[in-house]
Protein chains: 2
Amino acid sequence: MKHDSPPARRRPARKRGRPEGAGVAAVTRNNIMRAAVYCFAQSGYAQTSNHDIAQAAGITSGSLYHHFDSKAAIYQEALRHCLITLTETYRSAFAEAADRSCIDQLCLGLERVIAVSRAWPGMVRFAGNSAAEIRHNRELDWLHAEDAQAFNLLFRELLQVASERGELATGVTVEDAAQLLVALVSGLSIAHDTDLGEARFAATIRSFERLLKGQLLKPRGPRK
Amino acid sequence: MKHDSPPARRRPARKRGRPEGAGVAAVTRNNIMRAAVYCFAQSGYAQTSNHDIAQAAGITSGSLYHHFDSKAAIYQEALRHCLITLTETYRSAFAEAADRSCIDQLCLGLERVIAVSRAWPGMVRFAGNSAAEIRHNRELDWLHAEDAQAFNLLFRELLQVASERGELATGVTVEDAAQLLVALVSGLSIAHDTDLGEARFAATIRSFERLLKGQLLKPRGPRK
């Protein structure tokens, strides 16, 4: 509890003490989301309490409830924010490399995601876990339809253009390839250990880029 | 409750009514595990009750407790069984294709896993989810160290031999490539939707095999 200083002039009651203008509220909301994303990535939805999130955000539980009604509401906003951030990161990389092959576009997207992951700890794993979390927590059931297709749509867009340019192997459909990329990128996201830092994540992503380019494993050993 | 028939001869009490010899007990235990794997894959550990498992296995909750002390004990035995089944499936395929490239060995392993997945619904997703489930459920914490490395070890063995045959690209370490394969195979496992059947899983796995062979995406579009 803070000591409120007596009001020097007539102002709305909630302006007293710590200022809670629109800008400050937005900063606090963002801090809460960053804290929540990290906690959810580390411990999972069921094992993360509102108290954990408030503590990680450096605020009181009371203040948390001022911004969000429930843990499910925090999860929803955090997930939407992360999905938008990640899909927009990919989309802008795909656009930047539009005149190159879809393998190059994917690799540029992955490089940008490495940077996002460094800037927002836990985001990648949080997003990767989301499909299972939504399935496994009744409180989150209603989220599923809204966000589950975000990555599928992203990769279908990329691969549709690639297919028109003749970059998909014969017999491979856009939908098959999109489904594969969603699964692989989810696997990479979930494997991102928030504790072990970003260097290992980056190394795994770069191995994946080599696989996409067909440069990870050789079909035959040249020596021996 | 069943009507016990009066004992005709002197036998141990639990032999009365339904026979529960070692063979029958093993069958029941196996049924429980199959039911548990399916339930855990569908709903997650926290949302699966012992009652759900008993119901899916076609037995009473009382009978379930005759075989397992707790849900965590069922999870542990089911996970160990699934990990052994899956890693041995890969290992025997790797051995069968030992004179071919590691890409071919991997693809044969993946084909065999498709068959296992058809034979035991939910196993693949259950195993894929296990790392996150163990992290996110305090009851399972103690399992982590024991089983988390099973797939890493499997792929390291394969890639170590491949590396000695010169099949790893320059600059790619066995550990990096193993870590990548674990992440990708986990992603494919988790994406396996137990409800939507095996055909889609098989299609995704075959796209992955094409990716491993460098035959999914072309670096440049030949047409246009």
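Note that the structure is predicted; figures quoted are calculated from it, not measured.

What counts, and where the lines are drawn
Residues numbered from 1 in each chain as written. Chains lettered and ligands numbered in written order. Predicted model: local features only at pLDDT ≥ 70, side-chain atom pairs only at ≥ 80, totals over all residues. Helix = DSSP H or I, 4+ residues; strand = E, 2+ residues; numbered from the N terminus. Buried ≥ 20, exposed ≤ 12 C-beta atoms within 10 Å, placed from the backbone. Contact = placed C-beta atoms within 7 Å. Nonpolar A, V, L, I, M, F, W, Y, C, P; charged D, E, K, R; others polar. Core = buried A, V, L, I, M, F, W, Y, C linked by C-beta atoms within 7 Å. Least-squares fit on C-alpha atoms with pLDDT ≥ 70 in both. Axes fitted to C-alpha atoms, helices over the stretch in contact; angles between N-to-C directions. Parallel < 35°, antiparallel > 145°, perpendicular 65-115°, else oblique. pLDDT = per-residue confidence, 0-100. Expected span 1.5 Å × (residues − 1). Arc of directions from axis to C-beta.

Q: How should I be thinking about the overall build of chain A in this particular structure?
A: For chain A, the count of helices and strands is 10 helices and 0 strands. Ordered by position from N to C terminus, the α and β elements of chain A give α-α-α-α-α-α-α-α-α-α. The 224 residues of chain A split such that 39% are buried. Counting contacts in chain A only where the partners sit at least 6 residues apart, residues at least 24 apart contribute 60% of the total.

Q: Looking at this structure, I do not really get the interface of chain A and chain B. What am I missing?
A: One frequently used descriptor of interface size is the decrease in accessible area upon assembly of the parts. Between chain A and chain B, the residue contacts involve 48 residues of the former and 48 residues of the latter. Those elements giving two or more residues to the side of chain A that touches chain B turn out to be α5 (102-119), α6 (123-136), α9 (174-191) and α10 (198-212) of chain A. Per element, the largest residue contribution to the side of chain A that touches chain B is 12 residues, and it comes from α9 of chain A. Residue classes in the side of chain A that touches chain B are distributed as 23 nonpolar, 15 polar and 10 charged.

Q: Can you walk me through the nonpolar core in this structure?
A: The nonpolar side chains of soluble globular proteins are, as a tendency, buried together. Ranked by internal contacts, the top residues of the largest apolar core, which has 125 residues, are A36 and V37 of chain A together with A36 and V37 of chain B. In this structure, V37 of chain A is in contact with A78, C82, W120, G122, M123 and F126 of chain A, ignoring residues within four places of it in sequence.

Q: I'm lost on the relation of the copies chain A and chain B in this one. Help?
A: Two chain copies here: they are related by a rotation about an axis and a translation along the same axis. Placing chain A over chain B gives an RMSD of 0.0 Å and needs a rotation angle of 180°, together with 0.0 Å of translation along the axis. Each copy turns onto its partner about a two-fold axis. If distances are taken from each C-alpha of chain A to the rotation axis, the shortest is found for G187 of chain A, at 1.7 Å. Here 100% of the contact residues of chain A are again contact residues in chain B; the copies associate through an equivalent surface.

Q: Just to check I follow, could you spell out the packing of helix α4 (residues 71-96) of chain A against α6 of chain A for this structure?
A: In a packed pair of helices, the relevant descriptors are the angle between the two axes and the axis-to-axis distance. Residues and elements named next belong to chain A. Direction vectors running N to C along α4 and α6 enclose 110°, while the axes themselves pass 10 Å from each other. Taken as axis vectors, α4 and α6 run roughly perpendicular relative to one another. Across the interface between the two elements, L79, C82, L83 and L86 of α4 pack against M123, F126, A127 and S130 of α6. Across the contact of α4 with α6, the residue classes tally to 7 nonpolar, 1 polar and no charged.

Q: Would you explain the environment of C82 of chain A in this entry?
A: Residue and element names in this part refer to chain A. For C82, the position within the fold is in helix α4. In this structure, the C-alpha to C-alpha distance between C82 and M123, residues 41 residues apart in sequence, is 6.5 Å. In this view, C82 contacts V37, M123, F126 and A127; residues no more than four positions away in its chain are not counted.

Q: I keep staring at the confidence of the model for chain A and nothing clicks. Help me out?
A: One rule of thumb: low pLDDT means the predicted coordinates there are not for detailed reading. Residues and elements named next belong to chain A. On average, residues of chain A carry a pLDDT of 87, and 86% of them reach 70 or more. Element-level pLDDT for chain A is lowest in helix α7 (residues 144-147), with a mean of 64, against a maximum mean of 97 in helix α2 (residues 50-57). Every residue in residues 1-17 is under pLDDT 50, and counting partners more than four places away or in other chains gives 6 contacts.

Q: Any chance you could explain the packing of helix α5 (residues 102-119) of chain B against helix α10 (residues 198-212) of chain B here in plain terms?
A: All names here are of chain B. The geometry of α5 relative to α10 is characterised by a closest axis approach of 10 Å and an angle of 175° between their N-to-C directions. On the basis of their axis angle, the class for α5 and α10 is roughly antiparallel. Contact with α5, carried on its side by I103, L106, C107, L110, I114, S117 and R118, involves E198, F201, A202, I205, F208, E209 and L212 of α10 and no other residues of that element. Among the residues making up the contact of α5 with α10, the classes are represented as 10 nonpolar, 1 polar and 3 charged.

Q: What exactly am I supposed to notice about helix α1 (residues 22-43) of chain B here?
A: Within an α-helix, residues lying three or four positions from one another point in the same direction, as the helix has 3.6 residues per turn. Residue and element names in this part refer to chain B. Relative to the 32 Å expected for 22 residues at 1.5 Å per residue, α1 spans 31 Å between its end C-alpha atoms, a close match to the ideal helical length. All of the buried residues in α1 are I32, M33, A35, A36, V37, Y38, C39, F40, A41 and Q42. In the core, the buried residues of α1 are packed alongside α2 (50-57), α3 (61-67), α4 (71-96) and α6 (123-136). A positive phi of about 85° marks G44, the residue just after α1.

Q: Just checking my understanding: could you explain the environment of A115 of chain A for this structure?
A: Topologically, A115 of chain A is positioned in helix α5. With 26 residues separating them along the chain, A115 of chain A and T89 of chain A place their C-alpha atoms 9.8 Å apart.

Q: Even after reading the chapter, I still don't get the environment of R100 of chain B, so can you show me in this structure?
A: Take R100 of chain B: it is sitting in the loop between α4 and α5. In the structure, R100 of chain B is positioned 62 residues away from A162 of chain B in sequence and 9.9 Å away in space, judged by C-alpha atoms.

Q: Explain α2 of chain B to me, please; I cannot follow it from the model alone.
A: Residues and elements named next belong to chain B. For α2, the complete set of buried residues consists of I53, A54 and A57. All buried residues of α2 fall inside an arc of 100° around its axis, so they share one side. Packed against the buried residues of α2 are α1, α3 and α4. Note on α2: the residue one or two positions beyond its end, G58, has a positive phi of about 75°.

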